[in-house]
There are 2 protein chains.
Amino acid sequence: MTNTELLKGTLSTIILRMLSEHPRLYGYELTQLVKERSGDKILIKEGSLYPALHKLEADGLVTSEEVYIGKRVRRYYKLTEPGKKATLLSIEELRGFLKTIEDLILPFPGNYVPAK
Amino acid sequence: MTNTELLKGTLSTIILRMLSEHPRLYGYELTQLVKERSGDKILIKEGSLYPALHKLEADGLVTSEEVYIGKRVRRYYKLTEPGKKATLLSIEELRGFLKTIEDLILPFPGNYVPAK
DNA sequence: TTTCTATGCATCACAAATCTATGTATTAAA
DNA sequence: TTTAATACATAGATTTGTGATGCATAGAAA
């Protein structure tokens, strides 16, 4: 990805989020979707994507299905029922985190004055 | 910290941010400040903090000074001039990242409809 | 007086997540 | 025919933070 370190921990949530909008997606499609939706800012690497997808599947949050397009294989992923619940929780958690960090690095008017 | 994975890459920016509000801080003080300012959500561990501070110093973004309080040692850190510049950049970058992720996991009205 | 808690620094072994690099293969365009 | 895009996958290296541990001072509680 572009920012490397900062993305840690957000990838699976992003994947789940994308799958919650689309009935099914395959890996490459997912990277393109995220790339497009982020204005080319988040470029998911294959070396990150596939392990992440495999882990989500191993955890029972998604299922996959191979589809042949001519001779080329595609592996479509979709959310399971537990996966849908996990998605909501995961997004909630990420959002809370973002809020926390934002508040922390907020620009203060002048200098910060700690509470007495 | 509380969320472990999500914090990756944000720690040094948080430290720099705190130092930009206070002329100088020592390690323990910093953890308490962040704990307080985050509503007990971000608890910086010693195993994260001190290596991070040492790295910032090695990179020339902060300088430190030992101060004895009775027999007890404190090591105060403050921003260098390059550190001040780096702080601005670092915060800018983090903020951009937060915005990008937020937009990506935004709750859509109904289902997302990709642009044609 | 002893013991617990807080203060205060530090380092090491480990785990988790992602990246880089690499590999294989199909397909379409130049 | 060569390049770029599509499409999957894995191995090894790197980064970052955590947990555990160690050492020591200081104040409060018991």
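See the structure printed just above.
Residues numbered from 1 in each chain as written. Chains lettered and ligands numbered in written order. Predicted model: local features only at pLDDT ≥ 70, side-chain atom pairs only at ≥ 80, totals over all residues. Heavy atoms only, no water.

A. Highlighting the packing of helix 1 (residues 11-21) of chain A against helix 2 (residues 27-37) of chain A. Residues and elements named next belong to chain A. Where helix 1 contacts helix 2, the axes come no closer than 11 Å and their chain directions differ by 95°. Relative to helix 2, helix 1 is oriented roughly perpendicular. Across from Ile-14, Ile-15, Met-18 and Glu-21 in helix 1, the residues of helix 2 making contact are Leu-30, Leu-33, Val-34 and Arg-37. Of the residues contributing to the contact of helix 1 with helix 2, the split by class is six nonpolar, no polar and two charged. (Axes fitted to C-alpha atoms, helices over the stretch in contact; angles between N-to-C directions. Helix = DSSP H or I, 4+ residues; strand = E, 2+ residues; numbered from the N terminus. Parallel < 35°, antiparallel > 145°, perpendicular 65-115°, else oblique. Contact = heavy atoms within 4.5 Å. Nonpolar A, V, L, I, M, F, W, Y, C, P; charged D, E, K, R; others polar.)

B. Molecular detail of the side chain of Ser-90 of chain A. By the element assignment, Ser-90 of chain A lies in helix 4 (residues 81-105). Classification of Ser-90 of chain A by relative accessible area gives buried; the value is 15%. (Buried < 20%, exposed > 50% of the residue type's maximum accessible area, 1.4 Å probe, protein only.)

C. The arrangement of unusual backbone geometry in detail. Residues and elements named next belong to chain A. Of note, Asp-40 is a non-glycine position whose phi angle comes to about 65°, a positive value. Mapped onto the elements, Asp-40 comes out in the loop between helix 2 and helix 3 (46-58). What makes Asp-40 partly exposed here is its relative accessible area of 45%.

D. Region of interest: the packing of aromatic side chains. A full pass over the atoms with the stated rule returns two aromatic pairs over all chains. On the basis of an interplanar angle of 80° and a centroid distance of 5.2 Å, the ring pair of Tyr-26 of chain B and Tyr-76 of chain B is categorised as edge-to-face. One end of the pair, Tyr-26 of chain B, is in strand 1 (residues 25-26); the other, Tyr-76 of chain B, is in strand 3 (residues 72-79), and 50 residues separate them in sequence. Overall, Tyr-76 of chain B belongs to the buried group, its relative accessible area being 10%. Over the aromatic face of Tyr-76 of chain A sits the side chain of Arg-24 of chain A, whose NZ or CZ is 3.7 Å from the ring centroid. (Phe/Tyr/Trp six-rings, centres within 6.5 Å; stacked < 30°, edge-to-face > 60°. Lys NZ or Arg CZ within 6 Å of the ring centre and 35° of its normal.)

E. Representation of the side chain of Thr-31 of chain A. Mapped onto the secondary structure, Thr-31 of chain A falls in helix 2. From its side chain, Thr-31 of chain A meets the backbone oxygen of Tyr-28 of chain A in a polar contact 2.5 Å long. (Polar contact = N/O pair within 3.5 Å; in protein donor to acceptor, adjacent residues only side chain to side chain.)

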